[in-house]
Amino acid sequence: MSGTNVASRMRGLAVLAGVAALLPLVLVNNYYYEVAILVGLNAIVCVGLNLLIGYAGQISLGHAGFFGLGAYGSAVLTARYGWPPLAAMAAATFAVAALAFVIGRPILRLRGHYLAMATLGLGIIISIVVATEDRITGGPDGMAVPPLSAFGLTLAGERSWYWVIAAVLVLSVWLALNLIESPRGRALRALHGSEIAAEVAGIDSAREKLRVFVVSAIYAAIAGSLMAHYAGFITPAKVTFFHSIELVTMVVFGGMASTFGAVVGAAVLTTLPQALTVLKEYEMAVFGAVMMLTMVFMPRGLVPTLSSALNGRRR
Amino acid sequence: MSLLEVEGLAREFGGVNAISDLYFSVPAGTVFSIIGPNGAGKTTLLNLLSGVYAPSAGQIVFDGRPLSGRAPHEHAAAGIARTFQNLQVFFNMSALENVLVGRTLHDPCGLLAAMVRPPRLTRDERKAREEAATLMRFVGLTDWIDADADAMPYGALKRLEIARALAAQPRLLLLDEPAAGLNPVETQGIDTLISRLAKSGITVVLVEHNMRLVMGISDHILVLDYGKCLAEGTVEQVRNDPRVIEAYLGAAASA
Amino acid sequence: MSAQFLQFLLAGLTIGAIYALVALGFSIIYNASHVINFAQGEFVMIGGMATVSFVGLGWPLPLAIGAAVAGAALVGLALEKFAVEPARGASVVSLIIITIGASILLRGLASILWGKNIHAVPAFSGDVPISLGSATLVPQSLWVMGVTLVIVLLLSWFFGRTLLGKALLATSHNRLAAQLAGINVRQVLLVSFGLSAALGAVAGILVAPITFTSWDVGVMLGLKGFAAAILGGLGSGPGAVLGGLLLGVIEAMGAGYLSSAYKDVIAFVVILAVLFFLPSGLSGRRSTERV
């Protein structure tokens, strides 16, 4: 994957913004808006996670933990302590970034399976703590979250939320694209290409991995906070191992090392279960099958595979 | 006045002494070649010099400062760059980006700046790309400036690694078998390139099997055998050393 | 020894034996293929649930157990054939996602096939508690520990004395050399998966009368079995057993003396602690990554 054509990436961004702007024309009722919002939220997390998995070549099976901490952080600070929502979001995001920074160093020294298991363990510990400390978090039944309000305005209703999430998504993608094109981003991709050559070229691999880990955690936390306010409610179901797996699947399915792939993956795999609501019981089996089939037949993911096919034999 | 000094360097792996008891110094601006049979420890030595391995014993002193036991990126920051015997090209990036990565130490860029991309960064990027392209032309890769790394032939990739190493503007350049797997024409090209590099004042430590190349270009030669120094000196001294002839050069000594 | 301590110890050893069996399954597959089989826990689930189904069909318990173990082994073989083998040489991330996908698929299929209810399995020899000093023990616990012991002895005989077992070991030490020595590595891989699946199933059947079984018991048991495997040193048989028993006891003690609500956290804290501080586990068995 290269063809790092800055122009083509910015074109992609314009397409994304265009789609986001025009989508409401086909969103006929609140339910569709809700699905679109969910897609947006998942996409934000996936864009960040893709930086870690696709570009830096690491893995995290615990990102729902960061998402959940962002959500619960906002929830607890606003509902129980009456903080203004934006301040709560900032504080929760900062706390998640700090956690990622502290635990990231030892965790990222691990490789492959061990890294996967460590992030898995971290995610599960977070989910258990959240479900158990019911006096703070409301336990398995969850807790209510006040709406997002700032500067005297309250964000309510599917349509308003849609525009906010769409804007945040476009911003997230723009930031990620910039990062990838920058010397920092190149350093990251170099690490993935050949860690030893990158190190010898002066790249401190431990520090770079840690940075991208923290960035991806921040993306997840912000998405979590937004989701908590949007839904007006948060339960531990969003913090589970399965949710972490869903996120990784979206990134992998959509295309690793492809920011737009992450968005597409989120879009497809969020709407698919909704479409399968009639076959709700099959959701899990289908998910598992998708994961397996993708990795066996389309290991680079949907968007890179399609773009290779469309570009003919360019690689 | 030596740029690089190695004192009592040793490295062992689970009881096997890959390198033992090595002493040599490399004056600045010279070409220092390391030869020896396969398994003699040449790549291990380069790994030690670039920080990929930490020494089991002994010291590496670079520009007067000890450098042993530090991470590879710290060796790079001190001014050491290298190429790899088994290509370690970034195949997930374009050729130009490979060279740009070589410049990482000279393109400081904070995380926030990277994400927000202020105009200064865009300007710096453009300049960096121009300089990288110039470097690619210098090593003879004019035809491949716009190519993806995974579309380039082997000979071009060997040169790409050299361009990448040069992009770091190193004081010391470690070349690990740059002519390996190249045909005579390509080897001649590498020969010329290394001469140009040597003339431009970079100190080069060269590991090579190609005796013509080594004899023609070196100021000093170190002969390694089983991780130990077999002989060291100028081209003439090494060429005529009976131990070397017996152990390594054999009939090729007259070539 | 206080009654409480003994009680916790016995409970810990019981569940520890289960973790040991699951951990052995992880180690055997890891040795043969350097793959961490995230679907290992699902074999545990299949063992218990299939037994429930067969018993529900009216089959006598021993037959139901045999069929369940055989069924799980078949699923293990299928997993190797259709998921792991096609992905030979794929990146680590790909393999992880494939086995996770397999575990989710199996769980999804289980929820469709067996519903989401919790099922009971009759204990092998009744429920009358036995007194052991000042503590009590259900007979099933003795079955768990006894069968585990027998299995461990059988496995050490298998790996030490039989040609097939030695072939498995040889492959784990050096795949290429094993191939050159004429060992059919593909077959070794299949056997490893089948064997691990059978072990998992046995564990699931043994523990079902104590903890009930349902479509999603596999997740936690699998993860804890993995924690035990790396605690003992991934790839080491004795390490798996030691790790399993130790984890079980630590968990029981932690739940008993510290906080029963956080019982499940213990295993994961163990995972993190081992990975951070003692990556080759207690047995010191290192899986070397050649640079």
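Please refer to the structure placed before this passage.
Description of the interface of chain A and chain B
Step number 1: Opposite the 31 residues of chain A that make contact, chain B presents 33 residues.
Step number 2: Linking arginine 189 of chain A and glutamate 97 of chain B is a salt bridge whose minimum nitrogen-to-oxygen distance equals 3.0 Å.
Step number 3: Our enumeration of links across chain A and chain B arrives at 8 residue pairs in polar contact (both at pLDDT 80 or more).
Step number 4: When contributions to the side of chain A that touches chain B are tallied by element, the ones reaching two or more residues are helix H7 (158-181), helix H8 (183-193), helix H9 (195-200) and helix H10 (205-231) of chain A.
Step number 5: The element best represented in the side of chain A that touches chain B is H8 of chain A, accounting for 7 residues.
Step number 6: For the side of chain A that touches chain B, the class distribution of residues is 14 nonpolar, 9 polar and 8 charged.

Some thoughts on the interface of chain A and chain C
Step number 1: With 40 residues of chain A at the interface, the matching set in chain C holds 42 residues.
Step number 2: In total, chain A and chain C occlude about 3,500 Å² of area from one another, counting both sides; carbon and sulfur atoms represent 85% of this.
Step number 3: Of all residues in chain A, His113, Tyr114 and Met117 of chain A bury the most surface against chain C, accounting for 21% of the area lost on that side.
Step number 4: Seen at the junction of chain A and chain C, the total is 0 salt bridges.
Step number 5: Between the two partners, chain A and chain C, sit 1 residue pair in polar contact (both at pLDDT 80 or more).
Step number 6: For the side of chain A that touches chain C, the element with the highest residue contribution is helix H5 (residues 112-132) of chain A, accounting for 14 residues.

Thoughts on the pattern of salt bridges
Between side chains of opposite charge, a pair can form as their charged atoms come close.
Residue and element names in this part refer to chain B.
Step number 1: Taken as a whole and judged by the stated rule, the model has 21 salt bridges over all chains.
Step number 2: In this structure, arginine 70 and glutamate 74 form a salt bridge, with 3.1 Å as the shortest nitrogen-oxygen distance.
Step number 3: A salt bridge links glutamate 131 to arginine 103; its shortest N-O distance comes to 2.6 Å. Of this pair, glutamate 131 sits in helix H5 (residues 119-138) while arginine 103 sits in the loop between helix H3 (95-102) and helix H4 (111-116), placing them 28 residues apart in sequence.

Describing the sheet that holds strand S2 (residues 16-27) of chain B
Residues and elements named next belong to chain B.
Step number 1: The strand order across the open sheet built from 4 strands is S2-S1-S4-S5, with neighbouring strands paired in antiparallel fashion. Where the open sheet ends on each side, the last strands, each with one partner, are S2 and strand S5 (65-66).
Step number 2: Pairing geometry for strand S1 (residues 2-13) and strand S4 (residues 57-62), over 5 bridges, is antiparallel. Residue pairing for S4: alanine 10 is matched across the bridge by alanine 57.
Step number 3: On top of the sheet, helix H1 (residues 42-50) reaches S1, S2 and S4; it is set at about 120 degrees to S1, its chief contact.

Cut-offs used in this document
Residues numbered from 1 in each chain as written. Chains lettered and ligands numbered in written order. Predicted model: local features only at pLDDT ≥ 70, side-chain atom pairs only at ≥ 80, totals over all residues. Heavy atoms only, no water. Contact = heavy atoms within 4.5 Å. Salt bridge = Lys/Arg side-chain N within 4 Å of Asp/Glu carboxyl O. Polar contact = N/O pair within 3.5 Å; in protein donor to acceptor, adjacent residues only side chain to side chain. Helix = DSSP H or I, 4+ residues; strand = E, 2+ residues; numbered from the N terminus. Nonpolar A, V, L, I, M, F, W, Y, C, P; charged D, E, K, R; others polar. Buried area = accessible area lost by both parts, 1.4 Å probe. Pairing = 2+ DSSP bridges. Axes fitted to C-alpha atoms, helices over the stretch in contact; angles between N-to-C directions.

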